[in-house]
Amino acid sequence: MTAPEAERPKAPSRRDVLRYAGAAGTVAAGVTVAQAAGWPASRVDRAAAGVGGVLDLHINEGFVPMVDGSLVYLRGFGEKATTINDPFPSLTISPRIFFADGRLVDSRLFPPDAAPPHEGRPEPDSAVAGDPLVYLVKRSYWGSYFPRRTIVAESGSTIRLRVHNGLKQPHSLLFHGVPGGDSGEIASGAVQDLEFPAPPPGTYVYSDPGGISVQRTLGLFGVLVVVPQQDHWRLSELGAEFERQWLWIAHDIDPVWSRRALAGETIDPVSTPALPRYFTLNDRAGFQSVGVTQDEAINLATHEETLVSGSPRRTDVRDFSQAATATTVITGQLIRLVNAGVVIHQMHFHGNHVWTLRRDGVDFSRSVGTISEEGHVLLQQWEDVVELDPLSRKDIILPLKPPPDALDEVFAARTVDWHYPMHCHAEPSQTAAGGLYPGGAVADWVLALPKSAGGTP
Amino acid sequence: MSDAHATTFATQAAFASGQPHEGSPVTEFRRTPDRVFLRKFFNRRLRFPDGAEHEIWGFEDEKSGRGLPSPLVRVTEGQVMHGILKPSKKVHTIHWHGIEPDPRNDGVGHTSFEVTGEYTYQWIAEPGIPGDPNAGAAGSYFYHCHVNTVLHVQMGMFGNVIIDPVVHPDFPVPAGARRPFVDGPLYDIATETLLVPYSVDPRWHQLSHAAGLSGEDVGLNRFEPKHFYVLGGNLSQPFTGGGVHSLEAVRANAVGHGFPTLLRILNGNYFPTQVRFTDAQDNPVRIAEVLSHDGRIFRDTSSPTGPSRPVRDVGNKLETAVLAFGAAERYDMLVCPAKAGEYRIHVDLIQWVTGQVLFTKVIPLIAI
Ligand SMILES: [Cu+2]
Ligand SMILES: [Cu+2]
C-alpha cells in the first residue's frame with residue numbers, strides 16, 4: 001500500500017531511504033525498518049553515564065512508518081537532535097535508569113546486572129515434586145527488558161533531565177502526578193533543565209500536555225517506572241512480588257491530526273476529536289507486535305519487551321511471595337499497563353485471567369472494596385478484560401497458571417509452547433489503515449515449555 | 001515440533017489474509033460430552049425494535065431460529081462441553097471469551113486455526129471450591145467469532161455463556177433458587193435476567209466477510225453507531241423463534257419477597273457503557289449489589305493462607321446505583337429494590353474518545 005501523498009515526507013532523501021514495498025521489511029542500504037523507526041536493536045547496552053548524570057531529551061519531529069508501511073508525521077522525546085528530514089528521526093529514547101546512588105545507566109535490562117532472560121523468557125528453577133507439569137520460578141533473579149521511551153528510577157533517586165526543544169513551537173514536559181515534574185513552557189530552540197526526586201514506586205506517564213491530548217497523540221509521551229530501591233522484584237516496598245516485569249504502552253495515531261500539525265495548524269481536540277487510524281503497543285502493531293515479521297531484530301525486541309512468557313506454575317493470588325525453597329517463589333509476572341493514547345482500551349487476555357493490583361498508583365484493597373462515582377469496582381480482583389482509560393495505568397499480575405478449563409490430559413500431553421492472544425476488545429483498535437485485522441494493539445503471551453522439557457527457544 | 005509462530009510474514013496484509021485455515025480438524029482427547037451445542041452460521045436481515053433492519057450474521061442451533069444474540073450456552077462447572085461449529089461456506093471460529101482451554105479450543109486463528117469444515121470445541125469449566133479465590137469458573141461469559149473479529153462480532157456473531165456452579169454440601173440449593181457461584185447467595189430462578197447493550201453502525205453491515213484483510217481501507221477504525229439497543233430478557237424461558245431478543249423490562253423481587261433477582265450484564269459493544277439505577281422519578285437508588293466480574297467473584301483475599309470469602313459475607317457488600325462496564329466486560333449483580341413499585345435502569349453508550357453519552361435507553365424495572 002502506498003502512503004497517501006500528504007503523509008509522505010517532503011524530503012527526497014527520506015523518500016529514497018525508505019522504500020516500502022508494502023510494509024515492514026528491509027529497506028535500502030541494509031537499514032531495517034526497526035532501525036529506521038528508532039526501534040530497539042536487541043543488544044543490551046550497559047554503558048554507565050556516570051554519577052549525577054543528566055538525561056538529555058530532544059523534542060524532535062519526523063516521519064515514522066506505520067505497520068502498513070505508510071509514513072506518518074510524528075513528534076517525540078528523542079535522545080539526540082535530529083531534523084524533520086532525517087531518515088531516522090530520534091523520537092524516543094532507549095531505556096535509562098536513575099539509581100539512588102546517582103548513577104545514570106543506559107540499559108534495556110533492569111536491573112542491569114541481573115540475568116538476561118533469553119528472548120525475554122525466564123527459565124524456571126525446577127519442576128515441582130509430585131506435580132510434574134508445573135514449575136518453581138527463580139526468586140529475584142531474572143532481569144526485565146523495558147521498551148523504548150522508558151525511564152526507570154529507583155526510589156530515593158533524583159531524576160535530572162535537560163530538555164531541548166528543537167521544534168518551531170513551544171513545548172513542555174510534564175510527569176503526570178509527580179511533584180516537581182513539570183518543565184513549564186520551553187520556547188522554540190530553548191533548553192530547560194528539570195530536576196526532581198523520584199516519586200513513590202509506581203508507573204507514571206510523561207508527556208507534553210499541550211492541547212490536552214494533542215501533543216501526546218503526536219508522539220510526545222513516555223513512561224517513568226519507579227522501582228523500590230530495596231527490592232527490584234516488587235511493585236512497591238510491600239507490594240506484589242513477581243518473576244519479571246513488563247511495560248505495555250498503548251498509543252493511538254491519527255494521521256489527519258499529524259497532517260494538520262505538520263501544516264502548523266492548532267488542533268482543538270474538542271471540536272475535532274481524534275480519529276485514530278493506527279493503534280500500537282510498545283510502538284508496534286499487528287504482525288510486528290506478535291513477533292512474526294521477517295525482520296529478526298523486530299521479532300527479538302518484541303519477544304524481549306512485549307510477549308509475556310514463562311513456565312506454568314500454581315500461583316495463589318492471596319500471596320505472591322510464597323517461598324517454596326530458598327531460591328524460588330510462587331508468583332506470576334507483573335505487567336504495567338499504560339494508556340498513552342486517546343481511546344478507552346479494553347485489554348483482554350486469553351488463557352488466564354489477570355489479577356489487578358492497583359490503578360493510577362493507588363493500591364486496591366484486598367478486603368474492603370468500593371465502587372467509584374463513575375461506577376468502577378475498586379478492589380483487587382480477577383479480570384479477563386482490563387479497562388484502561390486515557391492516561392490511566394493499571395498494574396496487573398498474569399499468573400501463568402495452567403489454563404483452568406483445559407482438560408488435564410490435554411495439558412499433560414503438551415509438546416509445544418501454548419500461545420494465547422492479548423488484544424484490546426474495543427475492536428476498532430485491532431485495525432490498521434481501516435482494516436488489516438489483526439493489525440493494531442495486540443500481543444501474545446506464551447505458556448512455555450521449559451528448555452528441559454523440549455521447549456523453544 | 002510445531003510452533004504456532006514459526007511462520008513469518010512479509011507484510012501486515014500477508015498476516016491479516018494468511019491466517020491458518022483447517023478444514024475439519026480433530027478434537028484431541030475427545031471425551032464423551034455432558035452437553036453438546038451445535039452452532040451453524042447464518043446471515044439474515046433482522047428487524048429491530050426501532051423499526052430499522054440490519055444485516056445480521058450469527059450462530060443458530062437446531063431449534064433457536066435465527067436471532068440476536070445467538071443462542072445461550074449454559075453448562076455446569078465440571079461438565080464436558082462440546083461446541084460444534086459449522087461455519088457453512090465461509091471461515092469462522094468460536095472463541096469462548098473468558099473460558100480458558102488449550103489454544104486449539106480457544107478459537108483464534110493466529111494461535112491455532114480458523115475452521116472451514118467443522119470443528120468440535122471441547123472444554124470443562126473449572127469447578128469452584130468455597131472460599132478459594134484460585135478456582136471456579138461459575139459466572140457470565142460469551143462466545144463469539146474470532147475471524148476478522150472487529151467486523152464479525154459487530155455483525156452479531158456472539159451469544160452468552162453462563163456457567164452454573166457445582167453444588168457444595170455446605171451451600172445447599174432449595175427449589176426455585178440457584179447460586180451464581182459455589183458459595184454465592186441464593187437467587188430466584190424465575191426472574192434471572194440478561195442485559196446486553198449492543199449498538200449498530202449501519203455502514204459496517206454492508207461489508208463483506210473478509211473486508212479489509214487485504215489492506216483495503218474499509219473504515220473499520222471508525223465505529224459510528226447510529227442505533228443503540230439493549231438485548232437480553234428473562235432467562236427462565238429460552239429465547240426462541242429467532243429475531244431480535246430485546247430487553248423490554250426487568251421484573252425483580254423487592255426485598256423480603258422471595259429470593260433476590262440476579263442480573264447478568266455483558267457489554268456487546270466496542271464502546272464503554274454504564275447502567276444507572278433510579279426510582280421512577282430518576283433519583284439514583286443503590287439497589288444493585290455487584291457480586292462478580294468476568295466470571296470471577298469479588299472475594300476478601302486479605303488472609304495469605306485463610307479462606308477468601310465473598311466480600312458480601314464479611315460485611316463489605318459492593319452496593320451501587322451506577323456501574324461502568326467497557327467492551328466485553330461482564331458483571332453479575334443482585335438487584336434488590338427496597339419495596340414493590342417502579343424503578344428504572346438507564347443504559348448509556350459512551351463514545352470511546354470524547355466520553356460523550358451517545359445514547360441512553362431506559363428499561364423499566366418492576367419490583368414485585
Ligand atoms: Cu479475543
Ligand atoms: Cu472476546
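Residues numbered from 1 in each chain as written. Chains lettered and ligands numbered in written order. Predicted model: local features only at pLDDT ≥ 70, side-chain atom pairs only at ≥ 80, totals over all residues. Heavy atoms only, no water.

J.: Go over the overall build of chain A with me, naming the residues and quoting the values.
T.: When you go through chain A residue by residue, the secondary structure sums to seven helices and 30 strands. Taking all 457 residues of chain A together, the buried fraction comes to 69%. Excluding contacts between residues fewer than 6 apart, the proportion of contacts in chain A whose partners are at least 24 apart in sequence is 71%. As presented, chain A carries roughly 13800 Å² of accessible surface, and 53% of it is formed by carbon and sulfur atoms. (Helix = DSSP H or I, 4+ residues; strand = E, 2+ residues; numbered from the N terminus. Buried < 20%, exposed > 50% of the residue type's maximum accessible area, 1.4 Å probe, protein only. Contact = heavy atoms within 4.5 Å. Areas by Shrake-Rupley, 256 points an atom, 1.4 Å probe, with all protein chains shown as cover.)

J.: With reference to specific residues and values, describe the coordination of the copper ion (ligand 1).
T.: The coordination sphere of the copper ion (ligand 1) contains the protein donors His 350 of chain A (NE2), His 423 of chain A (NE2) and His 146 of chain B (NE2), at a distance range of 1.9 to 2.1 Å. In this structure, the copper ion (ligand 1) lies 4.1 Å from the copper ion (ligand 2). Of this pair, His 423 of chain A sits in strand S29 (residues 418–424) while His 146 of chain B sits in the loop between strand S10 (139–144) and helix H2 (149–154), each in a different chain. Classification of His 423 of chain A as buried rests on a relative accessible area of 1%. (Donors = N, O, S within 2.8 Å, 3.2 Å for Na, K, Ca; no water.)

J.: Break down the interface of chain A and chain B for me, with residues and values.
T.: In this assembly, 84 residues from chain A lie in contact with 91 residues from chain B. Both faces combined, the contact of chain A with chain B buries some 7200 Å², and carbon together with sulfur accounts for 60% of it. Contact with chain B buries area across many residues of chain A, yet Arg 318, Asp 405 and Tyr 437 of chain A alone supply 11% of it, more than any other trio. Along the contact surface separating chain A from chain B lie three salt bridges. Across the pair Glu 409 of chain A and Arg 31 of chain B runs a salt bridge whose closest N-O atoms are separated by 2.7 Å. Here chain A and chain B share 49 residue pairs in polar contact (both at pLDDT 80 or more) between them. The set of elements that each furnish at least two residues to the side of chain A that touches chain B consists of helix H5 (286–289), strand S21 (345–349), strand S24 (370–371), strand S26 (381–383), strand S27 (385–388), helix H7 (408–412) and S29 of chain A. When its residues are assigned to classes, the side of chain A that touches chain B shows 40 nonpolar, 29 polar and 15 charged. (Buried area = accessible area lost by both parts, 1.4 Å probe. Salt bridge = Lys/Arg side-chain N within 4 Å of Asp/Glu carboxyl O. Polar contact = N/O pair within 3.5 Å; in protein donor to acceptor, adjacent residues only side chain to side chain. Nonpolar A, V, L, I, M, F, W, Y, C, P; charged D, E, K, R; others polar.)

J.: Can you tell me about the pairing of S27 of chain A, naming the residues and giving the values?
T.: For a regular strand, side-chain orientation follows a simple rule: the groups alternate between the two sheet faces. Residue and element names in this part refer to chain A. What you see with S27 is no split at all: Val 385 and Glu 387 on one side and Val 386 and Leu 388 on the other are buried throughout. For S21 and S27, the ladder comprises four bridges, and the chain directions are antiparallel. Across the sheet, Met 347 pairs through a bridge with Val 386, a residue of S27. (Pairing = 2+ DSSP bridges.)

J.: Lay out the sheet that holds strand S19 (residues 328–329) of chain A in plain terms, naming residues and giving numbers.
T.: The three strands lie next to each other as S7-S8-S19 (chain A), forming an open sheet whose pairing is antiparallel. Because the sheet does not close on itself, it has two edges, and the strands there are strand S7 (126–128) and S19 of chain A.

J.: Could you give me a rundown of the sheet that holds strand S7 (residues 95–97) of chain B, with the residues and numbers involved?
T.: Residue and element names in this part refer to chain B. What the four strands build is an open sheet, ordered S5-S11-S10-S7; its pairing is mixed. Edge strands, defined here as strands with exactly one partner in the open sheet, are strand S5 (70–76) and S7. Within the sheet, the average angular offset between the axes of one strand and its neighbour, ignoring direction, is 25°. (Axes fitted to C-alpha atoms, helices over the stretch in contact; angles between N-to-C directions.)

J.: Tell me about the side chain of Ser 90 of chain A, and please be specific about residues and values.
T.: Relative to the helices and strands, Ser 90 of chain A resides in the loop between strand S3 (71–78) and strand S4 (96–98). Beyond its immediate sequence surroundings of up to four residues, Ser 90 of chain A is in contact with His 58, Asn 60, Gly 78, Glu 79, Lys 80 and Thr 82 of chain A.

J.: A description of the confidence of the model for chain B should follow, citing residues and the corresponding values.
T.: Residues of chain B with pLDDT of at least 70 account for 98%, and the chain-wide mean is 95. Across the predicted assembly, pTM comes out at 0.93 and ipTM at 0.97. (pLDDT = per-residue confidence, 0-100.)

J.: Describe the packing of aromatic side chains, with residues and values.
T.: Evaluation of the coordinates by the stated rule reveals 27 aromatic pairs over all chains. Counting every residue linked through ring pairs, the aromatic cluster contains Phe 59, Trp 96, Phe 113, Tyr 119, Tyr 121, Trp 123 and Tyr 143 of chain B. Here the guanidinium or amino end of Arg 244 of chain A rests over the ring plane of Trp 246 of chain A, the centre of that ring lying 3.4 Å away. Above the plane of the ring of Trp 418 of chain A lies Arg 414 of chain A, whose end atom (NZ or CZ) is 5.6 Å from the centre. (Phe/Tyr/Trp six-rings, centres within 6.5 Å; stacked < 30°, edge-to-face > 60°. Lys NZ or Arg CZ within 6 Å of the ring centre and 35° of its normal.)

J.: Please provide a residue-by-residue account of the pattern of salt bridges, values included.
T.: Using the criterion set out here, one finds 44 salt bridges over all chains in the structure. In this structure, Glu 265 of chain A and Arg 260 of chain A form a salt bridge, with 2.7 Å as the shortest nitrogen-oxygen distance. According to the relative accessible area criterion, Arg 260 of chain A is buried, its value standing at 18%. Residues Arg 277 of chain A and Asp 217 of chain B are paired through a salt bridge, measuring 2.8 Å at the closest nitrogen-oxygen approach. Of this pair, Arg 277 of chain A sits in the loop between helix H4 (255–262) and strand S17 (278–281) while Asp 217 of chain B sits in the loop between strand S14 (193–200) and strand S15 (227–234), on two different chains. A relative accessible area of 44% means that Asp 217 of chain B is categorised as partly exposed. Here the salt bridges do not stand alone but share partners, grouping Arg 74, Asp 164, Arg 178, Glu 192, Arg 264 and Asp 332 of chain B into one network.

J.: Give me the environment of Ala 321 of chain B: which residues, what numbers.
T.: Residues and elements named next belong to chain B. On the secondary structure map, Ala 321 appears in the loop between strand S22 (319–320) and strand S23 (322–325). Each C-alpha atom of the pair Ala 321 and Phe 223 lies 29 Å from the other, and the pair is 98 residues apart in sequence. Apart from the residues within four sequence positions on either side, Ala 321 is in contact with Val 275, Arg 276, Phe 277, Pro 284, Val 285 and Arg 286.

J.: How would you explain unusual backbone geometry if you had to name every residue and give the values?
T.: All names here are of chain A. Put simply, Phe 110 and Pro 111 share a cis peptide bond, and its omega is -15°. Residue Pro 438 is reached from Tyr 437 by a cis peptide bond, and omega for that bond is -10°. Here Pro 438 shows up in the loop between S29 and strand S30 (442–447). At Asn 282, a position not held by glycine, the phi torsion is positive, near 50°. On the secondary structure map, Asn 282 appears in the loop between S17 and H5. By relative accessible area, which is 5% here, Asn 282 ends up buried. Notably, Leu 400 is not glycine yet its phi reads approximately 55°, a positive angle. By the secondary structure assignment, Leu 400 is in the loop between strand S28 (393–398) and H7.

J.: Give me the nonpolar core: which residues, what numbers.
T.: Counting residues in hydrophobic clusters, the biggest one holds 155 residues, and the most contacted among them are Trp 248 and Phe 349 of chain A together with Trp 96, Phe 277 and Ile 345 of chain B. With five residues, the single largest contributor to this core is S14 of chain B. Look past the residues within four positions of Trp 96 of chain B in its chain and what remains in contact with it is Val 73, Met 81, Gly 83, Asn 105, Asp 106, Tyr 121, Trp 123, Phe 142, Tyr 143 and Val 161 of chain B. (Core = buried A, V, L, I, M, F, W, Y, C linked by side-chain atoms within 4.5 Å.)

J.: Which residues make up H4 of chain A, and what are the values?
T.: Structural remark: α-helix, 3.6 residues per turn; residues separated by three or four positions point the same way. All names here are of chain A. Buried within H4 we find Pro 255, Trp 257, Ser 258, Arg 260 and Ala 261. As for H4, its buried residues are in contact with S3, helix H3 (214–217), strand S16 (245–253) and S17. Of the residues flanking the start of H4, the one acting as N-cap is Asp 254, its side-chain oxygen 2.8 Å from the backbone nitrogen of Val 256. Just past H4, the residue Gly 264 takes up positive phi, approximately 85°.

J.: Pulling in residues and values, what's your account of helix H6 (residues 296–305) of chain A?
T.: All names here are of chain A. Of all ten residues in H6, seven are buried; the element is thus mostly enclosed. Listed in full, the buried residues belonging to H6 are Ile 298, Asn 299, Ala 301, Thr 302, His 303, Glu 304 and Glu 305. In this structure Asp 295 caps H6, since a side-chain oxygen of it lies 2.8 Å from the backbone nitrogen of Ala 297.

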